[in-house]
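Results of the structural survey
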Amino acid sequence: MIAYLVTILTLVSIAAIVALALNLQWGLCGMVNFGIVGFVALGAYTTALLALAGTGPILALAGAVAVCALAGGLVALLSVRLSEEYLAIVTLGFGEIVRVVSLNEAWLTGGALGLPGIPRPLIESVPSESYDWVFLGLCLLALAAVFLLLESLTRSPFGRLVRAVRDDDVVAATLGKNVLRTRVVAFAVGSGVTAVAGGLQAFHFSYIDPSQFTPIVSAYAFMAVIAGGRGSNRGILLGACTVMVLLEGSRFLKDFVEVLDAEQLASIRLILIGLGLILFLIYRPQGFGREPRRSAGSLLGEAAADGRERTS
Amino acid sequence: MSPGRPELVAPLAVEGLFAGYGGGDILKDVSLSVPAGKVFTVVGPNGSGKSTLIKTLAGLVAARQGRIALCGRDITRLAAARRVSAGLAYVPQEHNVFRNLTVGENLKLSTEFLDGGRLAGPEQRERVLALFPDVAERRGLLAGNLSGGQRQMLAFACALMANPEVLLLDEPSAGLSPKFVQEIFQAVLTVRDAGVTVFMIEQNVAAALPFSDIALVLVAGQVRLVTAADRLLAEHDLHSLYLGEA
Amino acid sequence: MAQLVLNGLITGMIVALPAVALTLIFSILKFPNFAIGAMLTASAYIAWSLNVLAGLPLLAAAVLAALLFALAMVLTDRAVFRPLRERGPITLLVASMGVSFVLENLCRLAFGNLARNFDIPIARPHRFWGLRVNQEQITTAIVALAAMAAVYLLLRHSPLGRAMRAVADNPALAAARGIDRDRTILWTWAIAAVLTTIAGVLVGMDRAIDPLMGWSYIISIFAAAILGGLGSPVGAVLGALVIGVVQEVSTLVIASNYRQAVSFAAIALLLLFRPQGLLGQRRIKR
């Protein structure tokens, strides 16, 4: 039972990292990323390939972050001048490409069989019976680091700028080119964060294949962000925990309702997520948490003031 | 007002009208009466409430108090589209034609979805098109490809298709080059001579008044003066009127 | 090569139907409907149930499925999209993703992951001038062309079509002209649902029905609509034909698993070099 809890917590913290990344992109910047699972997969495969090549876990993870940030930046660049709808479509397409490549380029990704034997970090230096605890610690550490990074980013002039831009098209239009760069950077940072989650997932299972990266990963992230309240990192943590615990908990449902097989249970879960998304959007668009609402003007005023303080 | 003597009933009459957005009232106790067959023009400084007045008449802003009557019939509570059916047509200041539809389709749509009575028959259509030959000969063109002046004419034509008693014009000269401004006001007279009473608001006082019969000066949401348009031009100092010294 | 172009045109005709549906919804409701793929899947399953489970002939099953599915989408609009109507495109598109999850997984829950086939006889392919054409392709071409012509006539020459184009063009003026926006929107969903049902049945005849079938078309559908400038039904049809042919011809060079990737590449190139679409007008917000 304890072992099971440790596993669940590990998975929750990985999912929370994905949700935090989506919160930066969608919650703060209004950039919808329907292909976030593609970035998780890209991060996982890059980490796995580098680790298998013997770079060591830290370098492997760093490489994955770099690759995903670059890919995210490119994806954002494609559509950042256009209205948000296009980004949603491009990201969806990106996710699909990652899936198709991971499935078909067997020489690189192992195809449907996946990549086994990914070396886990610290595996030699820790007694095997307590390894799961140590790995959970690593995941929580990563989650804390990501949380602090995104919190400080949110409060920085940069964060205020992206929020101002999200809330007010006129402000966005007046600021022009600066804003484009800011949005591309924000999306790239979000993608890099997603890569951390992908990498941790690869280490956790020490085995990856395309079936781990289905749209359900994106669905969890969207559900967590909307339940936690767009824009609030703290709310997202809570949202991610709730969503994962509820959904993982639904596994136990199988023991009670024997007519349902695993496949049907998976579809019920996705139906619930879909309904949950819709109900939250209609009845509680701020989610359980909430970002303090402020006018674009006050946000920008502070951003400008901060800028002045820095230069003086 | 005695319903027994319809010739004395004004096409459009307003009594004690209050209206506004949000907290305060923009229109404060506006009363006016538009005589039949005239061009009635409301002028006033920026923010005087002209635009609120015409939107309230058209049914886009709700009246908070007071009464609007069309040919003696109370229309204060009618929705915008119903007022058109009742005989009160409105030409918005901008975006007043469907740009991606042809001129012919614009004309057709002007009455196609109105409920009751006002469906334009072929004679009405011919009568309206005879007033605007420029529009008539471009029936197959997309409205977005017309010039600014032609587009305004098309908007007039669409409004007239419903055979209204009164035509409301929201700043018809706005955004037009000076060349077209004269042309548009000439079209306003054409409409009047065809027997339709015209109520318009205008920012461009100097251009509008020569084409108007009666002028109303609105300042800070209240009626300051109603007079013959040529007398307003000739005898009053507009600036002092606007500033409230008259 | 000619064979590939022919196959591509047929694929394009199938893709064109949901692409037109997507375009209609986009121009009238102002959001990209990400449930379009799941709509394809759900409508195909409805037709399959009526055909195989209830034993109706395929044509009757398809007609009945189109009506039922139109009703379902009208109700979905009432329940989901109508309360969110004024909340902006982002909220609506995320909600459409929610609808997509629900539709697709209802199908999976009810019918499982197995591929299903319609109850139709297998016919031998015909040969014309050395080109292989099978019966399904002929049916597809006739049905799809007829559906597109019907939509074109409806939009151009019927009061409903004029109302739809008027609402798309200028909602405020349309309201002033007495056009009921909500009713126009309901009809738009109904038409979109009928178009996706036709496409769903055609895909089901050509290949098979499984829960992921809509998913495997969604990028192509969006690519077609974007190619046509998102907002022009005629553009969407042309975009679909281009996408269909490019996908088939690309199999000469790259593996056929990469069909969707080819569509994606088309979107990417277009957004880079001609964001207004091949025919459409520029839609730039920032």
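Reference entry: report on the structure contained in this document.

Here is what the cut-offs are and how they apply
- Residues numbered from 1 in each chain as written.
- Chains lettered and ligands numbered in written order.
- Predicted model: local features only at pLDDT ≥ 70, side-chain atom pairs only at ≥ 80, totals over all residues.
- Heavy atoms only, no water.
- Axes fitted to C-alpha atoms, helices over the stretch in contact; angles between N-to-C directions.
- Helix = DSSP H or I, 4+ residues; strand = E, 2+ residues; numbered from the N terminus.
- Parallel < 35°, antiparallel > 145°, perpendicular 65-115°, else oblique.
- Left-handed = near helix turned anticlockwise from the far one by under 90°.
- Contact = heavy atoms within 4.5 Å.
- Nonpolar A, V, L, I, M, F, W, Y, C, P; charged D, E, K, R; others polar.
- Pairing = 2+ DSSP bridges.
- Buried area = accessible area lost by both parts, 1.4 Å probe.
- Salt bridge = Lys/Arg side-chain N within 4 Å of Asp/Glu carboxyl O.
- Polar contact = N/O pair within 3.5 Å; in protein donor to acceptor, adjacent residues only side chain to side chain.
- 1 Å grid on protein atoms, 1.4 Å probe; cavity = no way out; pocket = protein on both sides within 12 Å on 5 of 7 lines; lining within 4 Å.
- Points joined across faces, edges and corners; volume = space filled by probe spheres on them.

Points about the packing of helix H4 (residues 84-104) of chain A against helix H4 (residues 89-111) of chain C
Packed helix pairs are specified by the crossing angle of their axes together with the interaxial distance, meaning the distance between the axes. Contact geometry for H4 of chain A and H4 of chain C: axes closest at 9 Å, N-to-C directions at 30°. Judged by the angle between their axes, H4 of chain A and H4 of chain C are roughly parallel. In this structure, H4 of chain A crosses over H4 of chain C, and the sense of that crossing is right-handed. Of the residues in H4 of chain C, those in contact with Glu 84, Glu 85, Ala 88 and Leu 92 of chain A of H4 of chain A are Pro 89, Ile 90, Leu 93 and Met 97 of chain C. Class assignment for the residues of the contact of H4 of chain A with H4 of chain C results in six nonpolar, no polar and two charged.

Considerations on the sheet that holds strand S2 (residues 27-34) of chain B
Residue and element names in this part refer to chain B. One open sheet holds the four strands; their spatial order is S2-S1-S4-S5, and the pairing between them is antiparallel. Among the strands making up the open sheet, the edge pair consists of S2 and strand S5 (73-74). Two strands pair when backbone bridges link them, and strand S4 (residues 63-70) and S5 are joined in this way by two bridges, in the antiparallel orientation. Each residue of the ladder has a partner; that of Leu 70, found in S5, is Arg 73.

Thoughts on the sheet that holds strand S7 (residues 166-170) of chain B
All names here are of chain B. A sheet is described by the order of its strands in space; here six strands give the open sequence S6-S7-S8-S3-S9-S10, paired in mixed fashion. At either margin of the open sheet sits one strand with a lone partner, and together these are strand S6 (88-91) and strand S10 (222-228). In this sheet, adjacent strand axes meet at a mean angle of 20° when their direction is disregarded. When strand S3 (residues 39-43) meets strand S9 (residues 214-219), the two strands line up parallel, connected through four bridges. Bridge pairing links Phe 40 to Ile 214 in S9. Contacts from helix H7 (residues 178-193) reach S3, S7 and strand S8 (197-201), with the element oriented near 150° to S8.

What about the interface of chain C and chain B?
Contacts between the two partners involve 16 residues from chain C, matched on the other side by 18 residues from chain B. Here chain C meets chain B over a buried area of about 1,600 Å², counting both sides, of which 56% is carbon and sulfur. Summed over the three residues of chain C that lose the most area to chain B, namely Arg 162, Asp 169 and Arg 177 of chain C, the buried surface amounts to 44% of that side. In this assembly, chain C and chain B are joined by two salt bridges. Seen at the junction of chain C and chain B, the total is five residue pairs in polar contact (both at pLDDT 80 or more). Top element by residues in the side of chain C that touches chain B is helix H6 (residues 159-169) of chain C. It accounts for six residues. Here the side of chain C that touches chain B is built from residues that sort into eight nonpolar, three polar and five charged.

Some thoughts on empty space enclosed by the protein
With the rule as written, the count across this model stands at three cavities of 30 Å³ or more. Within this model, the largest cavity holds a volume of roughly 120 Å³. As for the largest cavity, its lining consists of 14 residues, of which Val 84, Ala 89 and Tyr 90 of chain B together with Ala 176 and Arg 177 of chain C are closest to the centre. Residue assignment for the lining of the largest cavity shows that the elements contributing at least two residues are helix H2 (80-86), S6 and helix H6 (148-161) of chain B. Counting residues per element, the lining of the largest cavity draws most heavily on S6 of chain B, which supplies three residues. When its residues are assigned to classes, the lining of the largest cavity shows twelve nonpolar, one polar and one charged. By volume, the second largest cavity is sized at about 40 Å³. Gly 30, Met 31, Ser 79, Val 80, Leu 82, Glu 84, Leu 87 and Arg 183 of chain A are the residues that line the second largest cavity. Of the residues that constitute the lining of the second largest cavity, the class distribution is four nonpolar, two polar and two charged.

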